[in-house]
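Report on the structure
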Amino acid sequence: MGVLFIVMAAIIIIRNLLIWGPEFVADFFTSPEITNEKISVSMIGIGSFLIILGMRKGINEKI
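Structure report, in brief. (Residues numbered from 1 in each chain as written. Predicted model: local features only at pLDDT ≥ 70, side-chain atom pairs only at ≥ 80, totals over all residues. Heavy atoms only, no water.)

**Thoughts on the overall build of the chain**
Spelled out, the test is: Think of it this way: any DSSP run of H or I at least four residues long counts as a helix, any run of E at least two long counts as a strand, and we number them from the N terminus. Categorising residues by exposure relies on relative accessible area from a 1.4 Å probe, with only protein chains included: less than 20% of the type maximum marks a residue as buried, more than 50% marks it as exposed, and the intermediate range marks it as partly exposed. Note on definitions: a residue-residue contact is assigned when non-hydrogen atoms from the two residues lie within 4.5 Å. Only the protein chains shown count as cover for residues, and all accessible areas are computed by the Shrake-Rupley method using a 1.4 Å probe.
Each helix and strand in the chain was counted, giving three helices and zero strands. Going from the N terminus to the C terminus, the chain shows its helices and strands as α-α-α. Counting every position in the chain, which comprises 63 residues, the buried fraction comes to 19%. Within the chain, residue pairs in contact and separated by at least 24 positions form 57% of the contacts whose partners lie at least 6 positions apart. With an accessible surface of roughly 4800 Å², the chain has 75% of that area assigned to carbon and sulfur atoms.

See the structure below:
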């Protein structure tokens, strides 16, 4: 599930880079509004948390 979150966030960021270009995407990251890029960053964080949580539980079950 965590990998899915990270892949979807990467697709959104890459799509916006191809459509808008790097300068607009940088503006989207720094604007005070909630944008797709900011949601993508939070999705990467959630995905990383889920992967770490899954690995932690997998290691504890083996012991």
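There's plenty left to go through after this.
**Some points on the side chain of Glu 37**
Our working rule: Residues scored as charged are limited to Lys and Arg (positive) and Asp and Glu (negative), so that His and the chain ends carry no count. Salt bridge criterion: a side-chain nitrogen from Lys or Arg within 4 Å of a carboxyl oxygen from Asp or Glu. Polar contact is the term for a pair of N or O atoms within 3.5 Å; when the atoms are in protein, one must be able to donate a hydrogen and the other to accept it, and sequence-neighboring residues count only if both atoms are side-chain atoms.
Tracing the chain through its elements places Glu 37 in helix α3 (residues 36-62). Buried and unpaired, Glu 37 has Arg 15 as its nearest opposite-charge partner, separated by 6.8 Å. Here the side chain of Glu 37 touches Asn 16 through a polar contact of 2.7 Å, side chain to side chain. Setting aside anything within four residues of it in sequence, one finds Glu 37 in contact with Asn 16, Val 25, Phe 28 and Phe 29.

**Quick notes on a nonpolar patch on the surface**
Rules: Patch membership requires more than 30% relative accessible area and the absence of a salt bridge. Residues of like charge join within 9 Å; the nonpolar side chains Val, Leu, Ile, Met, Phe, Trp and Tyr join within 5 Å.
A cluster of nonpolar side chains, namely Met 1, Val 3, Leu 4, Val 7, Met 8, Ile 11, Ile 46, Phe 49 and Leu 50, defines an oily patch on the protein surface of about 860 Å² accessible area. Of all the elements in the fold, those that place two or more residues in the nonpolar patch are α1 (2-20) and α3. At five residues, α1 tops the list of elements feeding residues into the nonpolar patch. A residue is classified by how much of its surface remains accessible, and Val 3, at 53% relative accessible area, is exposed.

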